[in-house]
2 protein chains.
Amino acid sequence: MTSEIGQSINVGLMGLGTVGGGVADALLEHAADIKRKTGRTVCLRRALVRDIARPRTPELPAGALTANPEDILADPDVHIVVEVMGGDSPAGEYLERALAAGKHVVTANKEVMSRRGPALLELAQSQHVNLLFEASAGGGIPIVGCLMSQLLANEIRSIRSIINGTTNYILTRMARQQTPFADALAEAQARGYAEADPTNDIDGIDAAYKLSVLGGLAFHRPIPHGAIYTEGISRLAPEDFRYAAELGYAIKSLAIATAEPGGAVRARVHPALVSEDHLLAKVEGVYNAVEVTGDLCGQIILHGQGAGRDATTSAVMGDLLNIVRGIDNAEGPPPLPFSNGPAEGTQFAVQPIDELSSAYYMRLTCADQAGVLAQIARILGEGNISIATVIQKDTDPGSGTAQLVITTYPSREANVQTALAAVAQLGVVISVNNLIRIEE
Amino acid sequence: MTSEIGQSINVGLMGLGTVGGGVADALLEHAADIKRKTGRTVCLRRALVRDIARPRTPELPAGALTANPEDILADPDVHIVVEVMGGDSPAGEYLERALAAGKHVVTANKEVMSRRGPALLELAQSQHVNLLFEASAGGGIPIVGCLMSQLLANEIRSIRSIINGTTNYILTRMARQQTPFADALAEAQARGYAEADPTNDIDGIDAAYKLSVLGGLAFHRPIPHGAIYTEGISRLAPEDFRYAAELGYAIKSLAIATAEPGGAVRARVHPALVSEDHLLAKVEGVYNAVEVTGDLCGQIILHGQGAGRDATTSAVMGDLLNIVRGIDNAEGPPPLPFSNGPAEGTQFAVQPIDELSSAYYMRLTCADQAGVLAQIARILGEGNISIATVIQKDTDPGSGTAQLVITTYPSREANVQTALAAVAQLGVVISVNNLIRIEE
């Protein structure tokens, strides 16, 4: 198929819901950016929807909407199919047909990749096309690609992950506010973090699909969804969180796959007590995190947004751009990473530190006497530097000095440096000991 | 060059120090594994060292050691050069010659990639070969590939990172034990975390090289090392950590690059106060972390080992295997991710939860009377389950009940389930409220 591709790469988008809208947006609004990053023009040729009459944002080019999957699957000018419909069927059959027709495929579909991944990947290999699925597990967290590519040299020992944002939101509420499960669930539903029927999330089914995908990549074998031990979070009570905290633990719903002696794998999704010292215990709200332990890399943790329109679009578009960059090697390798950047005319300067706007921490040794702070505050005020907090510390009656710790609201670096030089000249200031920027 | 490559891919290794030894080890010890993952045989053909007479582990094949770079650069049968010598020169010239000779290159060299990256990548493009450099920043953390590949669709807003393990170790010691800087540095040197001349690490020079590489990828333009504002950690005093903690902050040395209005970039390395709520504040000891904020992906954090033999080998070997997988597209795409796994004969079973060994948390509602714990402990003991802690809580004089929270040492899941079923039958046990696994 490679040789038939002209200048423009055409995408057939299957599904135009939340994520599909994000992908369509990215294709339409960032066409110039995509061209710079891939060297190719990428067109949204068709988008499959249920009802073509419904008004949509973004508005698609005339004729792009279709309710007939054949308009994508049977169109020889569609080079890449992007599937964001979800569910096993008919999405699975569509992907099989797309691959069989020699089209590259990007999918965000955890259920299809869990149930049919091995067969679809085999088909893609025999057809010499790509099947990429970064968005199928971990949302915007680049864990799928890391397991397939950067961490490939490792023998993976274990994956431990928080890969369902709905349950993590509920558990975070229960832990922080001692909210009963039912109330936390209702709140998640009210905020749009949980569906009307929350079964897939709270019973661990969604996490098991994702673990099936990640475990398959980590351990190089299919991990059937049905072989994963799955336990939900509905039995947890506020007192469990209280007692766990007393013992030094948080409670998280973990999806875990481990290499076991003899080459076996164990995979499980269930609530777990996690030591409060561990980064997984600090994953809050709808955030996700995946810990990978390999023989070489040791323990790596990836933390980010596991769902949502933009994060999922990041993963889908990343796959798409990588396919486009490699779609025709005859045209040479993809553009240089250091030169496929901003449009002409934008400013390339690396800015000096002087213009930085930052909050600051400053520590001074001063005479322990009245009016010192007033003198310092006056100088800072003249430099447009607002004081946020002042702490006086370590008063030393012997030397008559004290430590003055001042934090500021965001200010211009050059102003702070100038003001501090003036402060250092004050008779009541023995020394300026430190100036440290505050990163919120 | 592609067409000249036969079945075996030959590697020329430049440098056989700590990381070079790890790479040689991986190539020699894991040859079968590499074959499975790439479909190709990869041979360590030559390794460049200063002194070929010095005894080494692992022992290399006879004739593999050489002190003459020409034995690698001028050998047409070396397909991939792996450079782990470090330093700008002569490594930079060697890489230039390797690329000019049509060889693929993997490098762990932050200084070369910072100073010559754009020119070398241009050369690699014109030669239709790969130049990969995952190990040049972040060690085993797969951040370089993520910026080049998975996160490619994003407009990156900022990178904030802890990318020097030596300084983070020192700062962690200073924060935890109120150790003065000089003592913490001496301790880092004694443990091998800091070099005899620690200037590059503690003055932020090492971090600036790495930030130059990461910023270049994130913002698609060269970030000259000299344009990065760099400030070391030697002025920090134990009282700064104490005062910062009172204000709710940790102190970390951050390497930061941000997109500024008008398309400019600001890049800086300096100590910073980081809110204790932020994951970056929780990066301990020699660990590294990189936070990337993109318009689509939002905030992503990658955490792991930023240096060391194994972690760096993970990154170098990942690059190498990815080059090998793509080295000759005429042979078809790389093996399937779900099927390039363990050797024949290993057990493929996904293990049931029954055989899990885990520590457990159990919460019971019991009669508040003497002897209850003894009855429960006897049943657990019969199941080979050792009790780690017992807390009695929420005694209710009205109902005469209490909550009993028991944690166990690692035990077999099936034993715990059986024992707990027996415990539930005890007359003094009103209910078994919860059983939660503990993940350390």
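Before any of the text, the structure's been laid out above.
Quantities reported herein were computed from a predicted structural model and do not represent experimental measurements. Along each chain, residue indices are assigned from 1 in the same order as the chain's sequence is written. Chain labels run from A onward and ligand labels from 1 onward, assigned in the order the entries are written. Reporting in this predicted model follows two pLDDT cut-offs: at least 70 for local features of residues, and 80 or more for side-chain atom pairs to be given and counted; totals over whole chains, interfaces and linings ignore these cut-offs and use all residues. Excluded from the side-chain calculation are hydrogens and water; included are all heavy atoms of the structure.

Draft legend 1. Molecular detail of helix H7 (residues 165-177) of chain A. Residues and elements named next belong to chain A. Helix and strand definitions follow DSSP, with helices as H or I runs of at least four residues and strands as E runs of at least two, each counted in order from the N terminus. A helix's residues, less one, multiplied by 1.5 Å, set its expected span. Its 13 residues give H7 an end-to-end C-alpha distance of 18 Å, which sits within 8% of 18 Å, the value for a rise of 1.5 Å per residue. Working definition: with a 1.4 Å probe on protein chains only, accessible area under 20% of the residue-type maximum means buried, over 50% means exposed, and in between means partly exposed. Buried within H7 we find Gly165, Thr166, Thr167, Asn168, Tyr169, Ile170, Leu171, Thr172 and Met174. Where H7 is buried, its residues meet strand E7 (156-162), helix H8 (181-190), helix H9 (199-202), helix H11 (238-246), strand E9 (249-260) and strand E11 (287-294). Following H7 by one or two positions, glutamine 178 adopts a phi angle in the positive range, close to 55°. We call two residues contacting when some pair of their heavy atoms lies within 4.5 Å.

Draft legend 2. Inspection of the side chain of aspartate 206 of chain A at higher detail. Residue and element names in this part refer to chain A. Structurally, the position occupied by aspartate 206 is in helix H10 (residues 205-219). On the basis of relative accessible area, aspartate 206 is assigned to the buried category, the value being 6%. Side-chain atoms alone can form a polar contact between residues adjacent in sequence; in general such a contact is a pair of N or O atoms within 3.5 Å, and within protein one must be able to donate a hydrogen while the other accepts it. A polar side-chain atom of aspartate 206 sits 2.7 Å from a polar atom in the side chain of lysine 210. Those residues within four positions of aspartate 206 in sequence are excluded, and the remaining contacts are Lys110, Ile163, Asn164, Asn200 and Asp201.

Draft legend 3. The arrangement of the relation of the copies chain B and chain A in detail. Least squares is used to superpose the copies, and the fit set is the C-alpha atoms of residues whose pLDDT is at least 70 in both copies. Superposition of chain B onto chain A requires a rotation of 180° combined with a translation of 0.0 Å along the rotation axis, giving an RMSD of 0.1 Å. Such a combination of turn and shift is consistent with a two-fold rotation axis. Distance from the rotation axis, computed per C-alpha, reaches its smallest value in chain B at leucine 302 of chain B: 2.3 Å. Mapped onto chain A, 100% of the interface residues of chain B are again interface residues, and the two copies thus contact each other with one and the same surface.

Draft legend 4. Spotlight on the environment of lysine 37 of chain A. Note on placement: lysine 37 of chain A falls in helix H2 (residues 31-38). For the pair lysine 37 of chain A and methionine 362 of chain A, spaced 325 residues apart in the sequence, the C-alpha separation amounts to 43 Å. Among the polar contacts made by the side chain of lysine 37 of chain A, one reaches the main-chain carbonyl oxygen of asparagine 154 of chain B at a distance of 3.0 Å.

Draft legend 5. Just unusual backbone geometry, in detail. In this model, serine 89 of chain A is joined to proline 90 of chain A through a cis peptide bond whose omega is 10°. Tracing the sequence through the fold places proline 90 of chain A in the loop between strand E4 (80-83) and helix H4 (91-100). Its identity is not glycine, yet histidine 128 of chain B carries a phi of approximately 55°, on the positive side. Assignment of secondary structure puts histidine 128 of chain B in the loop between helix H5 (110-126) and strand E6 (131-132). Histidine 128 of chain B sits in the exposed class, given a relative accessible area of 53%.

Draft legend 6. View of the sheet that holds strand E5 (residues 104-107) of chain B. Residues and elements named next belong to chain B. Across the sheet, which stays open at both edges, the 6 strands sit in the order E3-E2-E1-E4-E5-E6 with parallel pairing between neighbours. Where the open sheet ends on each side, the last strands, each with one partner, are strand E3 (65-66) and E6. Pairing between two strands is assigned when DSSP locates at least 2 bridges connecting them. In this sheet, strand E2 (residues 41-48) lies alongside strand E1 (residues 8-14) in parallel orientation, the contact comprising 7 bridges. Residue pairing in the sheet places methionine 14 in a bridge with leucine 48 of E2. Inter-axis angles, ranging from 0 to 180 degrees, are taken between N-to-C directions of lines fitted to C-alpha atoms, where helices are fitted over the stretch in contact. Across the sheet, helix H12 (residues 309-326) lies against E1, E2, strand E4 (80-83), E5 and E6, angled at about 165° from E5, the strand it touches most.

Draft legend 7. Fine view of H2 of chain A. Residue and element names in this part refer to chain A. Taken together, the buried positions of H2 are occupied by Asp33, Ile34, Lys37 and Thr38. The buried side chains of H2 occupy one side of the element, clustering within an arc of 115° when seen end-on. Residues of H2 that are buried make contact with helix H1 (18-29), strand E2 (41-48) and helix H12 (309-326). Phi turns positive one or two residues past the end of H2, at glycine 39, with a value near 80°. Within this analysis, the arc is defined by the directions that extend from the helix axis to the C-beta atoms.

Draft legend 8. The arrangement of the environment of glycine 117 of chain B in detail. As for its position among the elements, glycine 117 of chain B is in helix H5. Considering only alpha carbons, one finds glycine 117 of chain B and threonine 365 of chain B, 248 residues apart in sequence, at a separation of 65 Å.

Draft legend 9. Quick peek at the packing of aromatic side chains. Residues and elements named next belong to chain A. For this analysis, a ring pair means two rings from Phe, Tyr or Trp (six-membered ring only for Trp) whose centres lie within 6.5 Å, classed as stacked if their planes differ by under 30 degrees, edge-to-face if by over 60, and tilted for the remaining angles. Tallying each qualifying case throughout the model produces 2 aromatic pairs over all chains. Ring centres of tyrosine 169 and tyrosine 193 lie 4.8 Å apart, and the angle between their planes is 65°; on these two criteria the pair is classed as edge-to-face. One end of the pair, tyrosine 169, is in helix H7; the other, tyrosine 193, is in the loop between H8 and H9, and 24 residues separate them in sequence. Residue classification places tyrosine 169 among the buried residues on the basis of a relative accessible area of 7%. Judged by relative accessible area, tyrosine 193 falls into the partly exposed class, the value being 33%.

Draft legend 10. Focus on the nonpolar core. Definition used in this section: a nonpolar core is a set of buried Ala, Val, Leu, Ile, Met, Phe, Trp, Tyr and Cys residues joined via side-chain atoms within 4.5 Å. Ranked by size, the top nonpolar core spans 171 residues in total, and within it Ile80 and Val82 of chain A together with Ile80 and Val82 of chain B carry the most contacts. With sequence-adjacent residues up to four places away left out, isoleucine 80 of chain B is seen in contact with Ile9, Asn10, Val11, Gly12, His104, Val106, Leu320, Ile323, Val324 and Ile327 of chain B.

Draft legend 11. Local environment of the interface of chain B and chain A. With 127 residues of chain B at the interface, the matching set in chain A holds 127 residues. Once two parts are brought into contact, the accessible area they lose, counted with a 1.4 Å probe and summed over both, makes up the buried area. A buried area of about 10,600 Å², summed over both sides, lies between chain B and chain A, and 57% of it is on carbon and sulfur atoms. Within this document, salt bridges are pairs made up of a side-chain nitrogen of Lys or Arg and a carboxyl oxygen of Asp or Glu, the two lying within 4 Å of each other. Along the contact surface separating chain B from chain A lie 12 salt bridges. For arginine 268 of chain B, the salt bridge is made with glutamate 439 of chain A, and the minimal N-O distance between the two is 3.2 Å. Where chain B touches chain A, the interface holds 49 residue pairs in polar contact (both at pLDDT 80 or more). Of the residues that constitute the side of chain B that touches chain A, the class distribution is 65 nonpolar, 36 polar and 26 charged. In this sheet, strand E13 (residues 350-351) of chain B lies alongside strand E10 (residues 264-275) of chain A in parallel orientation, the contact comprising 2 bridges. Charged residues are taken to be Asp, Glu, Lys and Arg, nonpolar residues to be Ala, Val, Leu, Ile, Met, Phe, Trp, Tyr, Cys and Pro, and polar residues to be all remaining types, Gly included.

Draft legend 12. Spatial organisation of the sheet that holds strand E3 (residues 65-66) of chain A. The strand order across the open sheet formed by 6 strands is E3-E2-E1-E4-E5-E6 (chain A), and the pairing between neighbours is parallel. What marks the edges here is a single partner per strand, and that holds for E3 and strand E6 (131-132) of chain A.

Draft legend 13. Structural view of the packing of helix H4 (residues 91-100) of chain B against H5 of chain B. All names here are of chain B. Where H4 contacts H5, the two axes come as close as 10 Å, and the packing angle between them is 10°. As judged from the angle between their axes, H4 and H5 are roughly parallel. Residue-level inspection shows Ala91, Gly92, Glu93, Leu95, Glu96, Leu99 and Ala100 of H4 in contact with H5, the latter providing Val112, Arg116, Leu120, Leu123 and Ala124. A per-class count over the contact of H4 with H5 returns 8 nonpolar, 1 polar and 3 charged. The scheme is simple: roughly parallel for angles under 35 degrees, roughly antiparallel for over 145, roughly perpendicular for 65 to 115, oblique for anything else.

Draft legend 14. Representation of the pairing of E9 of chain A in the model. Residue and element names in this part refer to chain A. The element E9 is extensively covered by neighbouring structure, given that 11 of its 12 residues are classed as buried. Bridge analysis of E7 against E9 gives 4 bridges, and the strand direction is antiparallel. Bridge assignment links serine 161 to a residue of E9, and that residue is alanine 255.

Draft legend 15. Region of the structure containing the pairing of strand E15 (residues 387-396) of chain B. Residues and elements named next belong to chain B. Where E15 and strand E16 (residues 401-408) come together, 7 bridges link them in antiparallel fashion. Paired with lysine 393 across the bridge in E16 is glutamine 403. Connecting E15 to the antiparallel partner E16 that follows it, the hairpin turn spans 4 residues, and glycine 400 within it adopts a positive phi of roughly 70°.

Draft legend 16. Here's a closer look at the pattern of salt bridges. All names here are of chain A. Taken as a whole and judged by the stated rule, the model has 54 salt bridges over all chains. Among the salt bridges present, the one from glutamate 291 reaches arginine 160, with a minimum N-O distance of 3.0 Å. Taken as a pair, glutamate 291 in strand E11 and arginine 160 in strand E7 lie far apart in primary sequence, 131 residues in all. Its relative accessible area of 1% is what places glutamate 291 among the buried residues. Salt bridges here are not isolated pairs; linked through shared partners, they connect Arg45, Arg46, Asp75 and Asp77.

Draft legend 17. View of the packing of helix H6 (residues 143-150) of chain B against helix H10 (residues 205-219) of chain B. All names here are of chain B. With their axes 9 Å apart at the nearest point, H6 and H10 run at an angle of 10° to one another. One finds that H6 runs roughly parallel with respect to H10. Crossing angle aside, the handedness with which H6 passes H10 is left-handed. Residues Ile143, Val144, Leu147 and Met148 of H6 pack against Leu214, Leu217 and Ala218 of H10. Residue composition of the contact of H6 with H10, by class: 7 nonpolar, no polar and no charged. The hand of a helix crossing depends on one turn: near helix anticlockwise from the far one by less than a right angle means left-handed, and clockwise means right-handed.

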